[in-house]
Amino acid sequence: MGAEDDYKAKETKPQLGERWPHGGFRGGGGWISSDRVTSTYDLVEQMHFLYVRVVKARDLPPNPVTGSCDPYVEVKLGNYKGKTKHFDKKVNPEWKQVFAFSKEKIQSSILEVFVRDKDMVQRDDYLGKVVFDMNEVPTRVPPDSPLAPQWYRLVDRRGESKVRGEVMLAVWMGTQADEAFSEAWHADAASVQGEGVHSVRSKVYVSPKLWYLRVNIIEAQDVESQDKSQPPQVFVKSQVGKQVLKTKVCQTRTTNPFWNEDLLFVVAEPFEEQLVLTIECKVDPSKDEIAGRIVLPLNTFEKRLDHRAVHSRWFNLERFGFGVLEGDRRNELKFSTRIHLRGCLEGGYHVLDESTMYISDQRPTARQLWKQPVGILEVGILSAQGLVPMKPKDGRKTTDAYCVAKYGLKWVRTRTILDSLSPKWNEQYTWEVYDPCTVITLGVFDNGHLGGENSAGGKDSRIGKVRIRLSTLETDRIYTMSYPLLVLQPSGVKKMGELQLAFRFTCLSLANIIYLYGHPLLPKMHYLHPFTVNQVDSLRYQAMNIVAVRLGRAEPPLHKEVVEYMLDVDSHMWSMRRSKANFFRIVSLFSGVISMSKWLEEVCKWKNPITTMLVHVLFCILICYPELILPTTFLYMFLIGIWNYRSRPRQPPHMDTKLSWAEAVNPDELDEEFDTFPTSKAENIVKMRYDRLRSVSGRIQTVIGDMATQGERLQSLLSWRDPRATSLFVVFCLITAVILYVTPFKIIALVAGLVYLRHPRFRSKMPSPPINFFRRLPARADSML
């Protein structure tokens, strides 16, 4: 298989759905007596697990020497052992912990649950055990209620006689659909130590609720500076968390400055930060002096859902320098500096934390403005194949992979499969869909926070990413796809493995989906009061930072490098490769027009006389019956659409290495793309790259200049910029108007068309007079410096 095919998405045929064998587990003793297919987890391959829930113990014997008991439970199944935490000096401990053992790895026919007493010096004391025969373990299938735990008497080492103490347990055979699955300690993660245990479990995260905070700084009164000889030059600095914005410096020197400037911040619920406003005076270009300060909790500001006016308020500022030590002097102040501002939390916007090209959610912040969902997206994250080893472990290289999916406000993270280049997750997740023209992003990462010696200060390495646009999916069809995980590295594009997914988009309301196609993607506030391009970029960056910080504070954390990769943090950075790719995208768009013009040129040159004659006949029919022109055009497009239906794409599109120019990219251009910002390269390399950037920009500048020149020539036809040219054109317009009034339009169109389609022997190779006239018109390029 060539690299070209290797980089393409392929369809797979996994065995999906929950299918239980006749008679349950191991051919007997189960509760399921017939084939059963459930739809809860129908997009993943079924995986069986033995679950052991250790609840608590009672009446455990104390150590005869110390007179106390430090108990813990060890669950043993063949070579796999799982331990609960131990309690100090407790004879009635409660653990409430679940252990899961994969059926594929079960080698033993008995399950042993030991209760031991932790001894810091000698070997841990044996208190008793409970033994289960694997053939007698019952099977549980949700939505059956959870299996009730029972008390079991402990027995001695030989299992012959009862000893003091009881332990409460529940043991059953289930699948990944079981409620206990996500919280379970998995036997294949037994090597994980300490806090790393939390990072191997599957979790669902919710993005923080983000708001735009709009603060309109209107004016201030009674601003005083230390220099009394002249009025101050004043500006306002606003800060929310790490976001700092400043107004322009008031141009006039005055104690009552006026700005009327909007400052925009991104804030998240719960509102932990505060708005800090300081009025500062410009002493000299490099020095500012603080004249007053005020701290406002974000709850001070009202929430608005539309563009209605918000009432402005005056706030008194604290005089800077009069702190706790000088508190008594505050009473001496006859007046204080005041600031006039208008602030609100905008609920009618959608706070963008991801690129608008790959947007997964477009709902406004305020829940009252949300519409009903139009569909359901179900994704089964099945497995990965052929992953590249990412880190050293015990003298060899390995990968501890997990998958993250992000759609709307909901992030999901599968459990980490340790030490496997072909991990099987088989986890299924569901999202509500409010707009089908959105994208779900899935990323695969190597877990670098497992608590071993390799994870000190480690990061979760990116393995690859997949995007699926929901509007490219047929409704109610199950797609089973294997996507190549492609990553661009300094050495070039590299395939890191394949991610196998099953997904289905279910339509809840076809009428609502059709209705959405005629409406804008973002809420109406984005169009009524739009942000500038710079504001959008800056606010998106702030929103990404807030989401990364909040998800990094969850337990287990979703780390910053993961969130940034999923949200395309570096998509705005300059890249020679991307510039080339976008240029050729534009070229390919014009290829249809170019091929059409070439075909017309061949018709005019009578390359194929039969085609030219047919075009003449069709042209004459349309001239005689002009009312047929529009119906014929739309009928032609209808026929093209129906003809193309046979060759319609059957799978959603995936990342294209050719389109991205990832295969043919120059090594130095790649090195530039992976350079830090600001640059960390040597001076001579930066010079060379800067010169190359100037040459590329020069070409772009020329093309844009040419387009502007053609537009300005059109304007100059009637602007009298060239008096003779405008005089000629005005006379031409008058003569043409008279001719068109007198002559029927059909005859004019017929003559013009026949002249255009005339035989080459009647053509000159020289440009036509209208083109020559147009090219001679002046443009404003003459006025450019």
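- If you look the protein chain up in an unreviewed UniProt entry, it shows as Ft-interacting protein 1 from Nicotiana attenuata.
- Recorded under Subcellular location (unreviewed entry), the UniProt text for the protein chain is reproduced unchanged: "Membrane".
- Taken verbatim from the UniProt record of the protein chain, the Sequence similarities (unreviewed entry) comment is "Belongs to the MCTP family."

**Quick notes on the sheet that holds strand S33 (residues 492-507)**
For step 1, the next point in the chain: Here we have five strands laid out as an open sheet, ordered S1-S32-S33-S24-S29, and antiparallel in their pairing. The two strands at the open ends of the sheet, each matched to only one other strand, are strand S1 (10-11) and strand S29 (424-433).
For step 2, the next point in the chain: Across 10 bridges, the pairing between strand S32 (residues 479-489) and S33 is antiparallel. Each bridged residue has a counterpart across the sheet, and for Tyr479 the counterpart in S33 is Phe503.

**Considering the domain arrangement of the protein chain**
For step 1, the next point in the chain: Along its sequence, the protein chain is organised into domain 1 (48-175), domain 2 (210-323 + 332-346), domain 3 (373-516 + 523-567) and domain 4 (592-783).
For step 2, the next point in the chain: For domain 1 and domain 2, the distance between their C-alpha centroids amounts to 63 Å.

**Considering the sheet that holds strand S30 (residues 439-446)**
For step 1, the next point in the chain: The strand order across the open sheet built from five strands is S13-S28-S27-S30-S31, with neighbouring strands paired in antiparallel fashion. This sheet does not close on itself; its edge strands, each paired only once, are strand S13 (203-206) and strand S31 (461-469). Neighbour-to-neighbour, the strand axes of this sheet turn through a mean angle of 20°, independent of strand direction.
For step 2, the next point in the chain: Summarising the sheet, strand S27 (residues 401-407) and S30 pair through six bridges and their orientation is antiparallel. Among the inter-strand pairings, Ala401 is bridged to a residue of S30, identified as Asp446.

**Points about the side chain of Arg689**
For step 1, the next point in the chain: For Arg689, the location among the structural elements is in helix H10 (residues 683-716).
For step 2, the next point in the chain: When near neighbours in sequence (up to four residues on either side) are disregarded, Arg689 contacts Asp668, Asp671, Glu672, Asp675 and Lys681.

**A word on the pattern of salt bridges**
For step 1, the next point in the chain: Evaluation of the coordinates by the stated rule reveals 31 salt bridges.
For step 2, the next point in the chain: Across the salt bridge formed by Asp400 and Lys391, the nearest N and O atoms sit 2.8 Å from each other.
For step 3, the next point in the chain: Through salt bridges that share partners, Arg214, Asp262, Arg304 and Glu346 make up one connected network.

**Thoughts on the UniProt feature "transmembrane region" (unreviewed entry) in the protein chain**
For step 1, the next point in the chain: On the UniProt side, "transmembrane region" (unreviewed entry) is annotated at positions that read residues 613-643 and 728-757 here.
For step 2, the next point in the chain: The span residues 613-643 is 87% helix and 0% strand, and its two end C-alpha atoms sit 25 Å from each other.
For step 3, the next point in the chain: Across residues 728-757 one finds 90% helix and 0% strand; the C-alpha atoms that close the span lie 27 Å apart.

**Considerations on the packing of helix H7 (residues 609-624) against helix H12 (residues 745-756)**
For step 1, the next point in the chain: Where H7 contacts H12, the two axes come as close as 9 Å, and the packing angle between them is 165°. Judged by the angle between their axes, H7 and H12 are roughly antiparallel. Handedness of the H7/H12 crossing: right-handed. The segment H7 lies against H12, with His616, Phe619, Cys620, Ile623 and Cys624 engaging Lys746, Ala749, Leu750, Gly753 and Leu754.
For step 2, the next point in the chain: Split by residue class, the contact of H7 with H12 holds seven nonpolar, two polar and one charged.

Calculation rules
- Residues numbered from 1 in each chain as written.
- Predicted model: local features only at pLDDT ≥ 70, side-chain atom pairs only at ≥ 80, totals over all residues.
- Heavy atoms only, no water.
- UniProt positions renumbered as here; feature names shortened; annotations may be inferred.
- Pairing = 2+ DSSP bridges.
- Helix = DSSP H or I, 4+ residues; strand = E, 2+ residues; numbered from the N terminus.
- Domains from an automatic or database assignment.
- Axes fitted to C-alpha atoms, helices over the stretch in contact; angles between N-to-C directions.
- Contact = heavy atoms within 4.5 Å.
- Salt bridge = Lys/Arg side-chain N within 4 Å of Asp/Glu carboxyl O.
- Parallel < 35°, antiparallel > 145°, perpendicular 65-115°, else oblique.
- Left-handed = near helix turned anticlockwise from the far one by under 90°.
- Nonpolar A, V, L, I, M, F, W, Y, C, P; charged D, E, K, R; others polar.

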